[in-house]
Amino acid sequence: MPRHPRIDRTAEWRSLAKLAKSFKSVSLRDLFAADPARGTRYALAFDKLYLDYSKNLFDGEVLSLLLALADRAGLPAAREAMFTGRKINLTENRAVLHVALRNRSNAPIFVDGKDVMPGVNEVLSRMADFARRVRAGEWGGEPGRRIRAVVNIGIGGSDLGPAMAYEALKPFSDRELTFRFVSNVDGTHVSEALRDLDPAETLFIVASKTFTTQETMANAHTAREWLVRALGEEAVPRHFVAVSTAADKVAAFGIGTENMFGFWDWVGGRYSLPGAIGLSLMISIGPENFFAMLEGYHAMDNHFRTAPAAENMPVILAVLGIWYANFFGAQSMALLPYDQYLARFAAYFQQADMESNGKRVTRRGKPVGVTTGPIVWGEPGTNGQHAFYQLLHQGTRLVPCDFIGFKRSQNPVGEHHKMLMSNFFAQTEALAFGRTAEEVRALGVPEKLVPHRVFPGSRPTNTILADELDPKTFGELVALYEHKIFTQGVIWDILSFDQWGVQLGKELAGKILPELRDPSLPLAHDSSTNELIRRFREG
Ligand code: F6P
């Protein structure tokens, strides 16, 4: 990859810093008044998605500079490096090719001189065959019984993706099947998930890239014991399959390679949903819907790879995020889907974004010098409105928000959808334009209450509006945010595809576990940790 300039020392960065000062006193009211076409000028339509980014604090000059900054950071070359299988994950010496999992064009992609597509297609076709058989009651289970419950055991990227997507695409799922997602090592999670299931009709998918993750292995062993207690050891191959890159470890667990669905070290856990990690989702929604989802991912991949920066949705979202994080001091961003099926969307992108871009050194290991990945959070509307929107509207912090909504509901009951969407439109309008003191007074509000009733406005939002939450749209939406994260990582010159920050806690937990098992072991931690462990040991 080309050498990256210290981004905050570029002319574009300096100009943006100057402009940001003046923009702190510019209001969205002024920007909209000055340009009556702003609401359509700063909008993009791509296939199923419409992005309105006009309610942000920028003008044409700022946008050009932000796009020039992305260019200066080497975005086009970095993007090609990813799509063509270069080893851009430098600390692990790996390619980053989640785009290959949904490469529906089937154009070859080479890693170490070998086209990865035959392997990708082979796994997808085995998954489809398996999913069809489970859905038809032709796979596994006990003689004369069919699988009625599927339990995915995984954590992080091996859980959040399937769990989020299963919720998102529930209207397309086989409602005769029950799905559970077990992730937390807290025994409550697996106990609650299994308490009403019948072992004879339950299929476990142990999903772990490494097949060493403590939480997943503990839950998998507990599930195995639960099954063996009821059905005996010989039932294991009929009730357990694995999704992993580690065939030897899967075999050691007692799952044969014929019941293992593989992936590769060039798929990051948090980007693995469109491959074998999506097996539970494929069983739920069926192969056809799963492939429609992949079409959506692929369409967005192509858009990201080929659209000019000014018309490129992930790039636009990324540079606006940079604008607020680096020039306005925004610490977080909220993802606010107005669709109950996207209840886990923010949680999913919490991992995707924060594990990717929560980094403090550049690709070459120097301090990065600027603020990097935001804190990502959110809840579906309208619930959030009755919880944290107060702070969004009148608090002292700037929280850029992305609103995601759909023209049609999957459950068109009465006026619910119109009510939901009236809130959706109202919130971005209120956040942008607020209510001035004069307007408050004009409502007859007593003078001493006026400050409390003022809405400052100029709170930035993006709005994504799509027809409906179908599999293809869903794929486009997920890929949109994945590529936004990639673009920001390139601009900050950080490595978005490793996650060393999760290691230290894992290692320390590994040291502490024996100390909890054996209270006679001496404690040699700091005085705080020692005392906490001592109290825990007292029971
Ligand atoms: O939390 C760290 C992490 O390595 C994530 O990146 C990953 O998604 C998760 O653990 C699970 O890892 P595995 O799929 O190997 O069990």
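Scroll up to find the structure.
Per chain, the residues get numbers from 1 upward, laid out in the order the sequence is written. Two thresholds apply to this predicted model, a pLDDT of at least 70 for residue-level local features and 80 or more for giving and counting side-chain atom pairs, whereas whole-chain, interface and lining totals are computed over all residues. Only hydrogens and water are set aside; all other atoms, that is, all heavy atoms of the structure, feed into the side-chain values.

J.: Any chance you could break down the overall build of the protein for me, citing the residues and the numbers?
T.: By definition, any uninterrupted DSSP run of H or I lasting at least four residues is a helix, any uninterrupted run of E lasting at least two residues is a strand, and each is numbered from the N terminus. Along the backbone of the protein there are 23 helices and 13 strands. It is over C-alpha atoms that the radius of gyration is taken, and the globule rule equals 2.2 Å times the number of residues to the power 0.38. For 539 residues, the compact-globule formula gives about 24 Å, and the C-alpha radius of gyration of the protein, at 25 Å, lands near that figure. For the C-alpha atoms alone, the extent of the protein along its principal axes is close to 75 × 60 × 55 Å. Exposure classes here rest on a 1.4 Å probe applied to the protein chains alone. A residue is buried below 20% of its type maximum, exposed above 50%, and partly exposed in between. When each of the 539 residues of the protein is scored for burial, the buried share is 54%. Across the protein, the fraction of contacts at a sequence separation of at least 24, relative to all contacts at a separation of at least 6, is 74%. Neither His nor the chain termini are counted; the positive set is Lys and Arg, and the negative set is Asp and Glu. By convention, the point assigned to a charge is CZ for Arg, NZ for Lys, CD for Glu and CG for Asp. Separation between the mean location of the 61 positive side-chain charges and that of the 60 negative ones in the protein comes to 5 Å. It only takes one pair of heavy atoms within 4.5 Å for two residues to be counted as in contact.

J.: For the sheet that holds strand E1 (residues 43-46), give the residues involved together with the corresponding values.
T.: An order of E1-E2-E13-E12-E10-E11 is seen for the 6 strands of this open sheet, with the pairing classed as mixed. The open sheet terminates on both sides in strands that have one partner only, identified here as E1 and strand E11 (375-377). Here the strands of the sheet are splayed against their neighbours by 15° on average, with no regard to which way each runs. Both strand E10 (residues 332-337) and strand E12 (residues 401-406) contribute to a ladder of 4 bridges, which runs parallel. Within E12, the position partnered with Leu335 by the bridge is Asp402. The axes used here are C-alpha line fits, helices contributing only the stretch in contact, and every angle between their N-to-C directions lies in the interval 0 to 180 degrees. Packed onto the sheet, helix H18 (residues 416-433) meets E12 and strand E13 (461-466) and runs at close to 155° relative to E12. Sitting on the sheet, helix H21 (residues 471-492) is in contact with E1, strand E2 (49-52), E10, E12 and E13, with an inclination near 170° to E12. Pairing between two strands requires that DSSP report at least two bridges joining them.

J.: With reference to specific residues and values, describe the side chain of Asn312.
T.: Here Asn312 lies in the loop between helix H14 (287-306) and helix H15 (313-327). Not counting the four nearest positions on each side in its chain, Asn312 is found in contact with Leu44, Arg79, His303, Phe304 and Ala307.

J.: Help me get a handle on the sheet that holds strand E8 (residues 240-244), residues and values and all.
T.: Strand order across the open sheet formed by 5 strands is E6-E5-E7-E8-E9, with parallel pairing between neighbours. If you trace the sheet from one side to the other, it starts and ends with strand E6 (178-182) and strand E9 (260-262), each paired once. Across the sheet, the mean angle separating the axes of adjacent strands is 15° when strand polarity is ignored. Where E8 meets E9, 3 bridges bridge the pair, whose relative direction is parallel. The residue bridging Val243 from the neighbouring strand is Phe261, located in E9. Strands strand E5 (149-153), E6 and strand E7 (202-207) of the sheet are contacted by helix H9 (residues 187-194), whose axis makes an angle of about 170° with E6.

J.: For the pairing of E12, give the residues involved together with the corresponding values.
T.: Burial runs high along E12: 6 of the 6 residues are buried. Pairing of E12 with E13 involves 6 bridges; the strand directions are parallel. Paired with Phe406 across the strands is Ala466, a residue of E13.

J.: Please set out the site of the ligand residue by residue, giving values where relevant.
T.: In the neighbourhood of the ligand, 13 residues make up the surrounding shell, with Ser158, Ser208, Thr210, Thr213 and Glu355 lying closest. Polar contact criterion, stated in full: a pair of N or O atoms within 3.5 Å, where within protein one must be able to donate a hydrogen and the other to accept it, and residues adjacent in sequence count only if both atoms are side-chain atoms. Here an oxygen atom of the ligand and a side-chain polar atom of Ser158 are 2.6 Å apart. Between Gln351 and the ligand, the recorded distance is 3.2 Å, taken from a side-chain N or O atom to an oxygen atom. All accessibility values rest on the Shrake-Rupley procedure with a 1.4 Å probe; residue burial counts only the protein chains present in the view. In the complex, 87% of the free accessible area of the ligand, which totals 390 Å², lies under the protein chains. Taken atom by atom, the bulk of the ligand overlaps the largest pocket. Under this grouping Gly is polar, as are all residues other than the nonpolar Ala, Val, Leu, Ile, Met, Phe, Trp, Tyr, Cys and Pro and the charged Asp, Glu, Lys and Arg. Taken together, the residues of the shell around the ligand sort by class into 2 nonpolar, 8 polar and 3 charged. The rule for a residue being near a molecule or strand is that one of its heavy atoms must lie within 4 Å of it. In this analysis the probe radius is 1.4 Å and the grid spacing 1 Å, with only protein atoms considered; a cavity is a set of points the probe fits into but cannot get out of, a pocket is an open set with protein on both sides within 12 Å along at least five of seven lines, and lining residues have an atom within 4 Å of a point. By definition, a pocket or cavity contains a molecule when more than half of the molecule's atoms lie within 2 Å of the pocket's grid points.

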